[in-house]
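Here is how the chains run, residue by residue.
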Amino acid sequence: MSERTLVLVKPDGVERGLVGEVISRIERKGLKLAALELRSADRATAEQHYAEHEGKGFYEGLLDFITGGPLVALVIEGPRAIAAFRQLAGGTDPVEKATPGTIRGDFGLEVQFNLVHGSDSVESAEREIKIWFPTL
Ligand code: DAT
Ligand code: MG
């Protein structure tokens, strides 16, 4: 059964010119693009997106970072798309958790600047797609 998931190439990924690299890996995996937009996140959008992390020590820095420059929001789809993109992304910490061969493992150094976001469950995907692409 096909799933959809929300992916962000975060401002660090856009700044470093890794948008094409990320999209290439998504396409080579066999996942399809359903929506794609270069945009900025305002504070309200960022707060909604990262609501689960409110109150954590890194929350304010995370909001500043994600609103700090243009990002690319995508909806991608395919069989087990949610888990498939999380596999492509690698673990949250690019050095401690992400292995080489993943986006974060290959290109990331610091947890705050880990280049991409991918929804972590069917419920998160539905919620996040509504935030970024309300008409989809
Ligand atoms: P993921 O993006 O792998 O789903 P998460 O949902 O736990 O990870 O956290 C969201 C983002 O917040 C993560 O991509 C980077 C940042 N973050 C998480 N843990 C952090 C920490 N300990 N210090 C700084 N930033 C952190
Ligand atoms: Mg998460």
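Residues numbered from 1 in each chain as written. Chains lettered and ligands numbered in written order. Predicted model: local features only at pLDDT ≥ 70, side-chain atom pairs only at ≥ 80, totals over all residues. Heavy atoms only, no water.

**Concerning the site of ligand 1**
- Every residue near ligand 1 is listed here: Lys10, Tyr50, His53, Phe58, Leu62, Arg86, Thr92, Arg104, Val111, Gln112 and Asn114.
- Interatomic distance of 2.5 Å between a side-chain N/O atom of threonine 92 and an oxygen atom of ligand 1.
- Asparagine 114 is positioned such that a nitrogen or oxygen atom in its side chain is 2.8 Å from an oxygen atom of ligand 1.
- Taking 520 Å² as the accessible area of ligand 1 by itself, protein coverage stands at 76%.
- In the shell around ligand 1, the residues fall into four nonpolar, four polar and three charged. (Near = heavy atom within 4 Å. Polar contact = N/O pair within 3.5 Å; in protein donor to acceptor, adjacent residues only side chain to side chain. Areas by Shrake-Rupley, 256 points an atom, 1.4 Å probe, with all protein chains shown as cover. Nonpolar A, V, L, I, M, F, W, Y, C, P; charged D, E, K, R; others polar.)

**Concerning the packing of helix α2 (residues 19-29) against helix α5 (residues 81-89)**
- Packing of α2 against α5 leaves a shortest axis separation of 11 Å and a crossing angle of 130°. Classed by the angle they form, the pair α2 and α5 counts as oblique. Of the two possible hands of crossing, α2 and α5 adopt the one that is right-handed. Two secondary-structure elements touch here, α2 through Arg25, Ile26 and Lys29 and α5 through Ala84, Phe85, Gln87 and Leu88. (Axes fitted to C-alpha atoms, helices over the stretch in contact; angles between N-to-C directions. Helix = DSSP H or I, 4+ residues; strand = E, 2+ residues; numbered from the N terminus. Parallel < 35°, antiparallel > 145°, perpendicular 65-115°, else oblique. Left-handed = near helix turned anticlockwise from the far one by under 90°. Contact = heavy atoms within 4.5 Å.)

**As for a negative patch on the surface**
- Together, Glu52, Asp120, Glu123 and Glu126 make up a region of like negative charge exposed at the surface.
- Residue placement: glutamate 123 occurs in helix α7 (residues 122-132). (Patch = residues over 30% accessible without salt bridge, like charges linked within 9 Å, V, L, I, M, F, W, Y side chains within 5 Å. Salt bridge = Lys/Arg side-chain N within 4 Å of Asp/Glu carboxyl O. Lys, Arg positive; Asp, Glu negative; His and termini not counted. Charge placed at Lys NZ, Arg CZ, Asp CG, Glu CD.)

**Describing the UniProt feature "domain: Nucleoside diphosphate kinase-like" (unreviewed entry) in the chain**
- Look at the UniProt record and you will see "domain: Nucleoside diphosphate kinase-like" (unreviewed entry) annotated at residues 2-136.
- Annotation note: span residues 2-136, helix share 41%, strand share 21%, distance between end C-alpha atoms 16 Å. (UniProt positions renumbered as here; feature names shortened; annotations may be inferred.)

**Side note on the packing of aromatic side chains**
- Using the criterion set out here, one finds one aromatic pair in the structure.
- Judged by centre distance (5.4 Å) and plane angle (80°), the rings of phenylalanine 65 and phenylalanine 113 are edge-to-face. Remark: phenylalanine 113 occurs in the loop between α6 (103-107) and β4 (116-118) and phenylalanine 65 occurs in helix α4 (residues 59-66); sequence separation between them is 48 residues.
- Relative accessible area serves as the criterion here: at 37%, phenylalanine 113 is assigned to the partly exposed category. (Phe/Tyr/Trp six-rings, centres within 6.5 Å; stacked < 30°, edge-to-face > 60°. Buried < 20%, exposed > 50% of the residue type's maximum accessible area, 1.4 Å probe, protein only.)

**Quick look at the sheet that holds strand β1 (residues 2-9)**
- On the basis of which strands lie adjacent, the open sheet formed by four strands has the order β2-β3-β1-β4 and antiparallel pairing. Strands at the two margins of the open sheet, each flanked by one partner only, are β2 (32-39) and β4. Neighbour-to-neighbour, the strand axes of this sheet turn through a mean angle of 20°, independent of strand direction.
- When β1 meets strand β3 (residues 71-79), the two strands line up antiparallel, connected through eight bridges. Each residue of the ladder has a partner; that of arginine 4, found in β3, is glutamate 77. (Pairing = 2+ DSSP bridges.)

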